[in-house]
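# Secondary and tertiary structure notes
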Amino acid sequence: MKSPRFNHKSPFWIATVLSLIVFLIVLSTVSGRIVEWLWMRQMDYENIFWRLLAVKWTLFGLALVSVFLYLRINLHFAVKEASVFKGDQPKIPSGAEKWFPVLLSLMVALIFARIFYNQWDTCIRFFWGDAFNQTDPIYDRDIGFYLFRLPFYQLIQDGVVGLALTTLVIISLAYASLGSLRYERLNEVQPSARIIRHLSLLLIVFFLTLAWGFYLDRFELLYGTRGVVYGVGYTADHVTRISLWVMIAVSVVLAGLLLLNLRKFRFKRMMVALGAYFLLYFIVVSLIPSLVQKFKVDPSELALETPYLKHNIHFTRKAFQLDRIRESAYPSLTDLTPADIPKNRDTIDNIRLWDWRPILQTYRQTQEIRLYYQFYEVDVDRYHTEDGFHQVMLSARELANKLPPKASTWVNERLQFTHGYGLVMNFVSKVAEGGFPQYIIENIPPQSRYGLTVDRPAIYYGDGMTGYRIVATGVKELDYPKGNENVYADYGGDGGIPLDSFWKRVLFAWSESDINILLTSYLDPESRIQIWRRIRDRVSRIVPFLELDGDPYLVLSEGKLYWIQDAYTVSADFPYSEPNEGKLGTVNYVRNSVKVVEDAYNGSVRLFAMDPQDPLLKAYRRAFPGVFRELSELSGDLKQHLRYPEDLFTIQSDMYKTYHMTDPQVFYNQEDLWTSSDEKYAGTSVPLQPYYILMRLPGTKTLQYILMMPFTPKDRDNMVAWMAAKCDFPEYGEVLVYQLPKERLTLGPMQIEAMIDQNTAISEQLSLWDQKGSRVIRGNLVIIPIDNAFLYVEPVYLTAEGTNIPQLKRVIVVSGNKVVMAPTLYQSINALFGTSSSGGTAPQSAVQTGEFRAAAKKFQDAQAAMEKGQWEDFGKAMEGLKEILGPGK
C-alpha cells in the first residue's frame, strides 16, 4: 500500500496557504495601526489618529458595502435567469452559482473601497470646508465650491460611473458565458424579456451617471487649457458649455428611450442609437469647439480672449498671493562710490562668503570628531551674539546612519549610540587663518567665544536619522567623546513610547522585524522606543494633509535645540489659476499656513497657525480642533528665527516671471517675460537659487533678514528686477519686487561670470592653482543691492586632492566694469575703490600687479627643473614661488 503523498495543488492546501497569507496581511495591518496609535497618543495627537481612521474606514466601508450589494444583486439575478435555459444551455458547475458571484463581487468591491479609502482628504475638505467669500466669474459660485465640494462630487461620480460600467460589462459577460445571449440570425440577439429589462436598466444607470458627469464637466472648464487662456476661454464659454448641456440632454433622453424599450428590446435600433450618441459626443464636444477655435478665435484671439485673460491673471495672482507683492523702482546706478562702503558696513559685514556645498565638506572633515557623527545639511540663519547681529551658517552634528563595521552590534546600534551631539556655527563672512570658517560654536562639548550657550546638546531627532533606538535601558548611552575616553548618560526626556509591558515588546519586535527587542535583558519598564526619528517623517505622520518644505532647519534657542519645519496647504482646484509644477507637486494654490517646531531632545511637535485666514487651514482646524496653536504662543526667541520658506518663494518667483504682466495685451504678447539666471559653480553652469541675506533694504535704516532672487529677461543675460521677502516681524511675509530701469544696462549673474572669465589675470591665477593635486571651486555669486547700485561677490575656494577640505583663498568683487580679486572681502573692496575701509593701508592685489606673472614664471622654472632632474634649481624656484604668494595670498 502506497503512503499518501502531499499534493500542493489540492484545494485544502491552497486554502491553507491563502488563509495564512491573508492572516499575515491582516496582522501586519493591525499591528501597524496599533503602533501608529501608540505613537500618536504619546505625541498628544491621538484625536488626529481617530478622526482620520474614522474617515478612512467609513469611506472604505460605504464603498465596500455599496459596490458589493449592487454587483452581487445583479449577478444573483443573472445566474438565476440563466438557470431557466434548457436544451443546449451549458451546465453550471455545482456550487459555483453560489460562491463565484460572491467572490467576484467582493473582489471588485475591495478595489473600489481601496480607492475611496485613499480619498480621505477629499472627504475632510468636503465636510469641514467653508466659503472663500469670493466667486468665480463664469458660474458665480464661491471658490470654496471648487476646492471643497466639486472634488468630492467628482469622486462620487467617477465611482458611480465606474461601477455602472463595470457591472454592465460583467453582467453582459456573465449572460454570454452562461448561454443566455444566443444569436438566432446574423446580428440579431434573442434573449429573454427579463434579460432585456436587466441590461436596459444597467444602461439607464450608466447614461444617467454620464449625464451627471457632463454636468460636472462644465465646472472642469475652469481648468481647461484650450487656446491661450488657462481656464474658460472664448470657445469654452460660448461653445463647449452649450455642447455639454446638449450631451446632458441627450444622455437623459437616451436613458428615457431605454426605459420605454424595456418590454421590447430592439438590438439594431439600440446599436444605432449608441453609435449616434458617441458620434454626437465627438462632434459637439470635440470637433465643433476645435473648428470654432481655429477659424473664429485664433484669427482674432487677442480681442476675443482679453476678458478671459483678465480672469486668468487675476485668479492666478490671487492663488499664489502675487497680488500682495509691492512693486517699486530701483534706480540701479552704474557704480558704487567709495563713500557708499562705510555707510553700508553692516550689510557688507554680512555678505555670505561661504557656500553651503564646500563648507559642508569642511564641517565633515574638521568637526565630525568621530565616525559615528555626521553633518547632513547646512542651514542659514541670523543670531545676536556678544559682538552684534550676524548672519550665520550652522549644522547639527547628528548620529550617523551606520557605525564603523567593528562597532555594528545590536546593542551599540540600538541601545548605546542613540543620539547626535551639539552643532557647529560660523559667521558667513568671516575667515579664520588658513582660509577656514570662523566658528561661533565648535567642538564637543559645544564651545563658543561669542556668548552663545548650548545647555542641552543631545540630538535624538534630526534631519537624517533613520531606524529606531531604545533609550533609558540598562546600557549607558554614549553622550560624547572626551579625549581617549567617552562620557555616558541616561536619557531623561519623554520622547519615545514606553516599553512598559510584555505585549508592547512583542508588538515592536514584530513591527520592527527584530526579535532582539523581545529577547534582550537590558530593557525595563522605564525604557522607551523612539521610532520615526526624522523630522519630515514625524510631521508628515501627524499632519498628512499638509505638504512640507524640503529644508527643515536647526535653531538654538535659550540653550536648547529645535527644528523648524514649514508646512503648506495646497490645492490644484483653484479656478482660473495656472498650475505650478515644482517642489510641492502640481498646485495652483499654496499658503505657508503652518510653522512646525520640534524639540530635538524630546521629539515633541507643536503646530502654529501662520496664516489663520487661509480657508484650507480653517477647514483642518474645524476637523481637528485643538491641534493648531496660535502664533502668539510661540516663544519670542524662537519667533525671531522664523523665515520666509524657500520652496514657497521659489514657486512665487517662478509664477511672477509671467504674472507680473497684468495688462492682457502685454501678457498675450509675452512682451516682458522674465526668467531665472544661471551661475557658475565648480566650472559648470547651474541654476541660481534664492538666497538669504542680512541687509538694509532701500529706504530703511535697520538690518533685515530677507530672501532674495534676481530676474533676467527671457533669452537675455542682463538683470531686469529682483525680488525680496522679509523674514523679520512685524513685517514678516511682505514680498517686494524692485524693477530696474529698462533704458540702462544692469549686469546679470552670467554677465558677471563672463567678466570674471574674461579677466586674464584672474583666469591665469585660477588656472595656475587648478593644477594636479589641487582644485579650484568658485562658489555662489551673491548679488547685494547697496544704495541703488549692486555689489557682486564670488568666493574662490581651494581644495587639495585627497583631503577635500575647501579653504577660502580669494574673494572676487565686481562693481560697474571693475573686477578685482584679493585674499579677503575688504581687501578686494579696497582694491576696487582705492580705499582702506577695513582700517590701515589696503594691500595691493596680486591681480593688479605683476606678482601673478612672476609667480607663473617661477612655476614654469620649477617644472623645467623637475623635468631635467635639476632638484637644486627646482627647490629655489619653489621657494621663490612661496615668497611671491605669501601665506595669506
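This text gives an overview of the structure that appears in the document. Model, not experiment: these values are computed from the prediction. (Residues numbered from 1 in each chain as written. Predicted model: local features only at pLDDT ≥ 70, side-chain atom pairs only at ≥ 80, totals over all residues. Heavy atoms only, no water.)

Moving on to the overall build of the protein chain. In terms of regular secondary structure, the protein chain is built from 25 helices and 37 strands. Counting only residues that meet the buried cut, the protein chain has 53% of its 889 residues in that class. Taking contacts inside the protein chain between residues at least 6 apart in sequence as the whole, the part at least 24 apart equals 67%. For the protein chain, the accessible surface area stands at approximately 40,600 Å², while carbon and sulfur atoms represent 56% of it. (Helix = DSSP H or I, 4+ residues; strand = E, 2+ residues; numbered from the N terminus. Buried < 20%, exposed > 50% of the residue type's maximum accessible area, 1.4 Å probe, protein only. Contact = heavy atoms within 4.5 Å. Areas by Shrake-Rupley, 256 points an atom, 1.4 Å probe, with all protein chains shown as cover.)

This next bit is on the packing of aromatic side chains. A complete count under the given rule lists 53 aromatic pairs for this structure. Taking the centre distance of 5.0 Å and the plane angle of 80 degrees together, the rings of F49 and W50 count as edge-to-face. Among the residues examined, W50 registers a relative accessible area of 44% and is labelled partly exposed. Ring centres 6.3 Å apart and planes at 50 degrees place the aromatic pair F315 and F574 in the tilted group. Remark: F574 occurs in the loop between β20 (560-571) and β21 (580-582) and F315 occurs in helix α9 (residues 301-319); sequence separation between them is 259 residues. Looking at F315, the relative accessible area reads 4%, which means it is buried. Residue class for F574 comes out buried when judged on its relative accessible area of 2%. One aromatic cluster is present, built from ring pairs that chain together F126, F127, W128, Y139, F145, Y146, F152, Y153, Y215, F219 and W245. Over the face of the ring belonging to F219 we find R218, whose NZ or CZ atom lies 5.0 Å from the ring centre. Across the ring face of Y681, the terminal group of R357 is positioned such that the distance to the ring centre comes to 3.7 Å. (Phe/Tyr/Trp six-rings, centres within 6.5 Å; stacked < 30°, edge-to-face > 60°. Lys NZ or Arg CZ within 6 Å of the ring centre and 35° of its normal.)

This brings us to helix α21 (residues 749-758). Among the residues of α21, P749, I752, E753, M755 and I756 are the ones counted as buried. With its buried residues spanning 155 degrees around the axis, α21 presents them on a single face. (Arc of directions from axis to C-beta.)

Time to look at the side chain of K56. Tracing the backbone shows K56 in helix α2 (residues 46-82). Every residue in contact with K56, bar those within four places of it in the chain, is listed here: Y117 and W120.

Within the largest apolar cluster, 264 residues are counted, with the highest numbers of intra-cluster contacts made by F207, F508, I542, L607 and F628. Here this core takes 16 residues from helix α5 (residues 143-177), the largest share from any one element. Leave out the neighbours within four places in its chain, and F207 touches S251, L254, A255, L258, L274 and Y277. (Core = buried A, V, L, I, M, F, W, Y, C linked by side-chain atoms within 4.5 Å.)

A few words now on the pattern of salt bridges. Taken as a whole, this structure holds 29 salt bridges when the rule is applied. Across the pair R241 and D237 runs a salt bridge whose closest N-O atoms are separated by 2.6 Å. Within this pair, R241 and its partner D237 are both found in helix α7 (residues 234-260), separated by 4 residues, close to a single helical turn. Connected through shared salt-bridge partners, K680, E753, D757, R778 and E794 make up one network. (Salt bridge = Lys/Arg side-chain N within 4 Å of Asp/Glu carboxyl O.)

Together, L279, F282, L287, I288, L291 and F295 make up an exposed nonpolar region whose accessible area comes to about 560 Å². Relative to the helices and strands, L287 is located in helix α8 (residues 267-297). Taking relative accessible area as the criterion, L287 reaches 34% and is therefore assigned partly exposed. (Patch = residues over 30% accessible without salt bridge, like charges linked within 9 Å, V, L, I, M, F, W, Y side chains within 5 Å.)

Attention now moves to the sheet that holds strand β16 (residues 497-498). Here 3 strands make up an open sheet; going across it, the order is β13-β17-β16 and the pairing antiparallel. Edge strands, defined here as strands with exactly one partner in the open sheet, are β13 (469-471) and β16. Pairing of β16 with strand β17 (residues 528-530), which is carried by 2 bridges, proceeds in the antiparallel orientation. Each residue of the ladder has a partner; that of P498, found in β17, is R528. (Pairing = 2+ DSSP bridges.)

Attention shifts here to the pairing of strand β19 (residues 553-557). Of all the 5 residues making up β19, 5 are buried; the element is thus mostly covered by neighbouring parts of the structure. Burial along β19 is two-sided: the face carrying Y553, V555 and S557 and the face carrying L554 and L556 are both buried. Remark: 2 residues form the turn of the hairpin made by β19 and β20, two consecutive strands paired antiparallel; E558 in that turn has positive phi of roughly 50 degrees.

Let's shift gears to the side chain of K504. The topology assignment puts K504 in helix α14 (residues 502-511). Within the local environment of K504, its side chain forms a polar contact with the backbone oxygen of P498, the two atoms lying 3.4 Å apart. Every residue in contact with K504, bar those within four places of it in the chain, is listed here: L38, R41, P498 and L499. (Polar contact = N/O pair within 3.5 Å; in protein donor to acceptor, adjacent residues only side chain to side chain.)

Here we take up the environment of F624. Turning to its location among the elements, F624 is positioned in the loop between α17 (615-623) and β25 (628-630). When neighbours within four sequence positions are excluded, F624 is seen to be in contact with I48, R51, L52, I124 and F545.

In this section: the packing of helix α4 (residues 120-128) against α17. Across the interface, α4 lies against α17 with an axial gap of 9 Å and an inter-helix angle of 90 degrees. One element, α4, and the other, α17, form an angle in the roughly perpendicular class. The residues of α17 that touch α4, namely those facing D121, I124, R125 and W128, are L616, A619, Y620, R622 and A623. Among the residues making up the contact of α4 with α17, the classes are represented as 6 nonpolar, no polar and 3 charged. (Axes fitted to C-alpha atoms, helices over the stretch in contact; angles between N-to-C directions. Parallel < 35°, antiparallel > 145°, perpendicular 65-115°, else oblique. Nonpolar A, V, L, I, M, F, W, Y, C, P; charged D, E, K, R; others polar.)

To continue, consider the environment of L147. Relative to the helices and strands, L147 resides in helix α5. With a relative accessible area of 2%, L147 lands in the buried category. As for L147 and V570, which are separated by 423 residues in sequence, their C-alpha atoms are 10.0 Å apart. Ignoring sequence-local partners within four residues, the contact set of L147 consists of R125, F132, S571, D573, F574, P575 and L616.

All we've got here are geometric facts, nothing functional implied.
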